[in-house]
Amino acid sequence: MIKLLVTAALITVSADVSARELSPLLVDGRAEFGPEVSRAEACNRALSSAKQAALRKQYGEDVGQKSVLTCDEKLEKQTGNNCELFENTWSLLNTNGFIKSIKKVDERVDEKMGMSVCKVTANVIIEEYDGNPDYSFETRLSVVQGTNLRLNDKPVIEVESNKPAFHYVYYWAPFVDADYYYQLFPNSYDTQREKTKTLRIPTGQATKNYSFEVSLPDDMMYSHEYLIVVSSKRPLSSPPEKIKEVNFFRWLKSFDRKQWTQSTFNYRVLGDSAWQT
């Protein structure tokens, strides 16, 4: 995890924030599997395929094809898995909305010699952000050290937007804590006083020298993680330090949609020395 050692208070958001819930979408998903993939894993992949189908059906091919997906040849050599897929946070896929709920209607397996298929049918409900976004407003997030971070790294985060904005950076570590987002910036030492197109964090305006540390639980060799930046033309009120993912998006829904945009950065924390060669 990338974290700053500050006290984080748990923030909750009222569920009565106005929502634009769309009619349920009935969609299908499928996944093939053989001896090296279990039936349960294949059916989970089929359910993920159904989620993608719902996004394609609602927003078109470009949005539906995207996934929070990390692939790496070195990962394949170490674990036998070349991709790690996290799809419980579908709002990361686009800034139009997110999958609020999914209810499996049917699951069936067609068994064949060598390669079987799991087919899933589900009802998917998408919840959209209220209002229309400013499609000309874009932001980009990166880490100076790149996408592979080691335990002795001190990450430096860079944000760039095409319009002056206030920037709010969070991290999500689904291998370690899938339920919560944690705020990295602004923090108790470092804040943003004026709108800007570019920002390097830690900034040169911090009241105390600090750095971000990279860590892993003792029993983990690696972790796929995500940085999320929300860039806003106006300061956002009461940005949470720690918040459940569903409440994070309800918090965003309380602001004028034309005022903010969102972007993500995928990175990997490497803990074992074999990964560092």
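One can find the structure itself at the top, above this paragraph.
Residues numbered from 1 in each chain as written. Predicted model: local features only at pLDDT ≥ 70, side-chain atom pairs only at ≥ 80, totals over all residues. Heavy atoms only, no water.

**A short note on the nonpolar core**
Nonpolar side chains in soluble globular proteins generally cluster together in the buried interior.
Alright, step 1. In terms of nonpolar packing, the biggest core is built from 26 residues, with I157, V169, I201 and L227 touching the most fellow members.
Alright, step 2. Residue assignment for this core shows that the elements contributing at least two residues are β9 (139-143), β11 (157-173), β12 (177-185), β13 (196-201), β15 (222-232) and β17 (260-270).
Alright, step 3. When residues in this core are grouped by element, the largest group, five residues, is from β11.
Alright, step 4. Those residues within four positions of V169 in sequence are excluded, and the remaining contacts are L141, I157, V159, Y182, Q183, L184, F185, I201, I228 and V229. (Core = buried A, V, L, I, M, F, W, Y, C linked by side-chain atoms within 4.5 Å. Buried < 20%, exposed > 50% of the residue type's maximum accessible area, 1.4 Å probe, protein only. Helix = DSSP H or I, 4+ residues; strand = E, 2+ residues; numbered from the N terminus. Contact = heavy atoms within 4.5 Å.)

**A word on the environment of L216**
Alright, step 1. Here L216 is to be found in the loop between β14 (213-214) and β15.
Alright, step 2. For L216, a relative accessible area of 14% translates into the label buried.
Alright, step 3. Sequence separation between L216 and F175 is 41 residues; the distance between their C-alpha atoms is 9.7 Å.
Alright, step 4. Not counting residues up to four positions away in its chain, the partners in contact with L216 are L151, M221, Y222, S223, V269, L270 and G271.

**Focus: the packing of aromatic side chains**
Alright, step 1. On inspection of all chains with the given rule, the structure shows eleven aromatic pairs.
Alright, step 2. Ring centres 6.4 Å apart and planes at 55° place the aromatic pair Y180 and Y182 in the tilted group.
Alright, step 3. With a centroid separation of 5.9 Å and 40° between ring planes, the pair formed by Y189 and Y210 is classed as tilted. With Y189 in the loop between β12 and β13 and Y210 in the loop between β13 and β14, the pair connects residues that are 21 residues apart, well separated along the chain.
Alright, step 4. Clustering of aromatic rings is evident, with ring pairs tying together Y170, W172, Y181, Y226, F248, W251 and F255.
Alright, step 5. Over the ring of Y180 we find K242, and its NZ or CZ is 4.6 Å from the ring centre. (Phe/Tyr/Trp six-rings, centres within 6.5 Å; stacked < 30°, edge-to-face > 60°. Lys NZ or Arg CZ within 6 Å of the ring centre and 35° of its normal.)

By themselves, these are just geometric observations and shouldn't be taken as functional.
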